[in-house]
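Residue-level structural notes
One-letter residues, chain by chain:
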Amino acid sequence: MNLYTGKITLDANGQAIVQLPDWFEALNKDFRYSLTPIGAPGPNLYIAEEISASRFKIAGGAAGMKVSWQVTGVRQDAYMRAHPMKVEVEKSEKERDHYLRPELFDQPEEKSVEWARQPELMKQMKEQRAQMKQKRAQQ
């Protein structure tokens, strides 16, 4: 999902047209909108025209009102269609209790998923790093 945001000031008629990038509709589909009035209530704000030609129209506000807007769109580009995002991927039994980035959780590198998958290789790599570090310290 892609997220686009901005602020706009409504014209004398309480309306505004939000211009999005030219490529917006080629990259996105299934749009969702959110409007937030700034500085005063705007109970009548609404999307007067949905996205078409990479733009949409806001209406129902007071002249000069500032509006914060947000639009989300589901990616529909070729890469995303070929590789849909998986929000959650089930780990194998040996990968459970291991992290993709253990350092972000104050865990040792041995708690990484790669250590669970290839413990011998990871041990060799750790030893090689230690040897290189020691050589550099001696120079």
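This brings us to the sheet that holds strand S3 (residues 28-38). Read from one edge to the other, the open sheet built from 3 strands follows the order S1-S6-S3, with strand pairing classed as antiparallel. Here the strands that pair on one side only, and so sit at the sheet edges, are strand S1 (2-9) and S3. Adjacent strand axes in the sheet meet at a mean angle of 20° when their direction is disregarded. When S1 meets strand S6 (residues 66-75), the two strands line up antiparallel, connected through 8 bridges. Across the sheet, the residue bridging to Lys 7 is Ser 68, located in S6.

Here the focus is the pairing of S6. Every other side chain in a regular strand lies on the same face of the sheet, so the side chains alternate between the two faces. Alignment of S3 against S6, held across 9 bridges, turns out to be antiparallel. Note that in S6 the partner of Arg 32 across the bridge is Thr 72.

Turning our attention to the pattern of salt bridges. Applying the stated criterion to the full structure yields 10 salt bridges. Here Arg 101 ties to Glu 103 by a salt bridge, and the two come within 2.6 Å at their closest N and O atoms. Residue Glu 103 is classed as partly exposed on the basis of its relative accessible area, which comes to 42%. A salt bridge links Glu 120 to Lys 123, with the shortest nitrogen-to-oxygen separation between them at 3.5 Å. You can see Glu 120 and its partner Lys 123 sitting in helix H4 (residues 119-138), 3 residues apart, about one turn around the helix. The structure contains a network of salt bridges with shared partners spanning Glu 90, Glu 93 and Arg 96.

Thresholds, definitions, all that
Residues numbered from 1 in each chain as written. Predicted model: local features only at pLDDT ≥ 70, side-chain atom pairs only at ≥ 80, totals over all residues. Heavy atoms only, no water. Pairing = 2+ DSSP bridges. Helix = DSSP H or I, 4+ residues; strand = E, 2+ residues; numbered from the N terminus. Axes fitted to C-alpha atoms, helices over the stretch in contact; angles between N-to-C directions. Salt bridge = Lys/Arg side-chain N within 4 Å of Asp/Glu carboxyl O. Buried < 20%, exposed > 50% of the residue type's maximum accessible area, 1.4 Å probe, protein only.

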